[in-house]
Amino acid sequence: DLETFDDEFVQKLVYDALVWSSLHGLVVGDKTYQKSGNVPGVGLMHAPIALLPTAFPEICWKQACDVTPIFNELIDRVSLDGKFLQDSLSRTKKADVFTSRLLDIHSKMLERNKKEDIRLGLHRFDYMLDEETNSLLQIEMNTISCSFPGLSRLVSQLHQSLLRSYGDQIGIDSERVPRNTSTIQFADAIAKAWLEYNNPRAVVMVIVQPEERNMYDQHLLSSILREKHNIVAIRKTLAEVETEGSVQEDGTLIVGGQAVAVVYFRSGYTPNDHPTESEWNARLLIEESSAVKCPSIAYHLTGSKKIQQELAKPGVLERFLDNKEDIAKMRKCFAGLWSLDDPEIVKQAIEKPGLFVMKPQREGGGNNIYGDDVRENLLRLQKEGEDGNAAYILMQRIFPKVSNMFLVREGVYHKNQVISELGVYGAYLRNKDNVIVNEQSGYLMRTKIASSDEGGVAAGFGVLDSIYLN
Ligand code: GSH
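Residues numbered from 1 in each chain as written. Predicted model: local features only at pLDDT ≥ 70, side-chain atom pairs only at ≥ 80, totals over all residues. Heavy atoms only, no water.

## Observations regarding the domain arrangement of the protein
Here comes step 1: Entries for the protein in the domain assignment read domain 1 (2-337 + 405-469) and domain 2 (338-394).
Here comes step 2: On a C-alpha basis, the centroid separation for the pair domain 1 and domain 2 is 26 Å.
Here comes step 3: Facing the 23 residues of domain 1 at the interface are 21 residues of domain 2.
Here comes step 4: Among the residues domain 1 hides against domain 2, the three largest losses belong to Arg91, Lys305 and Glu454. Together they make up 31% of the total.
Here comes step 5: Put simply, domain 1 and domain 2 have four residue pairs in polar contact (both at pLDDT 80 or more) between them. (Domains from an automatic or database assignment. Contact = heavy atoms within 4.5 Å. Buried area = accessible area lost by both parts, 1.4 Å probe. Polar contact = N/O pair within 3.5 Å; in protein donor to acceptor, adjacent residues only side chain to side chain.)

## A closer look at the environment of Asn434
Here comes step 1: Along the chain, Asn434 turns up in strand 18 (residues 434-449).
Here comes step 2: Accessibility expressed as a relative area gives 46% for Asn434, which makes it partly exposed.
Here comes step 3: Expressed as a C-alpha distance, the spacing of Asn434 and Asp87, which sit 347 residues apart in the sequence, is 29 Å. (Helix = DSSP H or I, 4+ residues; strand = E, 2+ residues; numbered from the N terminus. Buried < 20%, exposed > 50% of the residue type's maximum accessible area, 1.4 Å probe, protein only.)

## Some thoughts on the packing of helix 7 (residues 182-197) against helix 8 (residues 215-229)
Here comes step 1: In contact at an axis separation of 9 Å, helix 7 and helix 8 are set at 60° when each is read in the N-to-C sense. The angle between helix 7 and helix 8 falls in the class oblique. Helix 8 is crossed by helix 7, and the crossing has right-handed handedness. Facing Thr183, Ile184, Phe186, Ala187, Asp188, Ile190 and Ala191 of helix 7, the residues of helix 8 in contact are Leu220, Leu221, Ile224, Leu225, Lys228 and His229.
Here comes step 2: Each residue belonging to the contact of helix 7 with helix 8 can be placed in one class, and the counts come to nine nonpolar, two polar and two charged. (Axes fitted to C-alpha atoms, helices over the stretch in contact; angles between N-to-C directions. Parallel < 35°, antiparallel > 145°, perpendicular 65-115°, else oblique. Left-handed = near helix turned anticlockwise from the far one by under 90°. Nonpolar A, V, L, I, M, F, W, Y, C, P; charged D, E, K, R; others polar.)

## Details of helix 15 (residues 372-384)
At 3.6 residues per turn, the α-helix brings residues three or four places apart onto the same side.
Here comes step 1: The first and last C-alpha atoms of helix 15 sit 19 Å apart over 13 residues, in line with the 18 Å expected at 1.5 Å per residue.
Here comes step 2: Listing the buried residues of helix 15 in full gives Val374, Asn377, Leu378 and Leu381. For helix 15, the angular spread of buried residues about the axis comes to 100°, placing them on one side. Facing away from the buried surface of helix 15 by more than 90 degrees, the exposed residues are Asp372, Glu376 and Lys383.
Here comes step 3: Check the buried side of helix 15 and you find it contacts helix 14 (343-351), strand 14 (356-360) and strand 15 (392-396).
Here comes step 4: Count one or two residues on from helix 15 and you reach Gly385, which has phi positive near 100°. (Expected span 1.5 Å × (residues − 1). Arc of directions from axis to C-beta.)

## Quick notes on the site of the ligand
Here comes step 1: Around the ligand there are 18 residues in total, and Glu212, Asn214, Arg266, Arg446 and Val457 lie nearest to it.
Here comes step 2: Contact between the ligand and Arg124: an oxygen atom at 2.8 Å from a side-chain N or O atom of the residue.
Here comes step 3: Between the ligand and Gln218, the relevant distance is 3.0 Å, taken from an oxygen atom to a side-chain nitrogen or oxygen of the residue.
Here comes step 4: With the chains in place, 97% of the 510 Å² that the ligand exposes on its own is no longer accessible.
Here comes step 5: The residue inventory of the shell around the ligand, partitioned by class, reads six nonpolar, seven polar and five charged. (Near = heavy atom within 4 Å. Areas by Shrake-Rupley, 256 points an atom, 1.4 Å probe, with all protein chains shown as cover.)

Below is the structure:
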């Protein structure tokens, strides 16, 4: 109970948290770093954090960990079904230019019968805990550019460290914060993919945005690749890949004179990352090559909202997986998901917009529609005719528990009413029939002010957090 904390005590905790963050690299680029020409070590700031971890029921935590390998496998299976992806997204294609461009590349690869033998997925599955039913409900599956596999591990360590010093006063044992090895597990999975590719001179290429504030999160992975695995990671924007890149006759991707074994996308998930044709050319070039893509276009498309909604329909999971128990476990955490072609649901959502979220086919936060805007947009779409429907899905609105927490940003703390979203990382690697990695790979709690509808940390809405089990 935060009421019992006096100001002086909280100040002390905040001070220690800020020192710890600075010493351990729990940092992001600040507003000025671009002026330095993106020089590392210049213009940085501690990451936005929750001062203390958030309580989470152990049962739900285990449930989320337990289903992760099943979801990893599901994504792999769905990605292999080119027809399912194309058919399910055929109407989204008309309503959403970005999805349409991805689908174009995907159909080109299908026409050429292009095979991806080595398949690397670094996913994050996001959940909220519905307060009324106390059930774990999945918000989304992220298959591209999952943020914070680097920083999330540090947040868990920060909270463990604060609880080791002050746990008695706070009343939480540091042991109750689960171990979080997200950084090492993701880096190890990339290293294993690199090994499978089997070219000792090849590098890992991280695809980055030209103006990236979350670069230290990415560097944390690259530094493990270098120090533990002796693998070089280079950083390129999509525009640079188009000018410096080519594909050799044997399929090898060459960028700036170096062969690339693994392409790890930390850009390319939003239309903003493709301002010109250059970026699309780069995306096509990468897809045509033999490099391991994390993600491939098929994995990327499998993570789209429309596919999530299709998978939630009765009988669809059964097309991809055999094990009935696994299917039941997945279904248990599906929230209500509907297409806008369902007139009964649209009617309900117009009557009670507060019970629904309208989600466009977009990643990266800040795009969802809530409250009265749901009604307005549905009425607008009804007037405009059916084509626009395909750009959105409807999801049951989840009402998580609201609690009090100190959020620390730019060195200052505020006590806020907050809600939280748990992300569980999953890593998957397969070479032909050989599944090399399929595991739960750490976690990320994100906490945001209860009254704000958006939650993206990268987009500036939330803070990084961890959990303690109760
Ligand atoms: N480019 C940034 C990065 O590589 O870290 C941001 C990428 C991004 O926004 N990723 C989304 C995400 O995980 C998934 S596509 N967002 C979580 C958040 O910002 O809270």
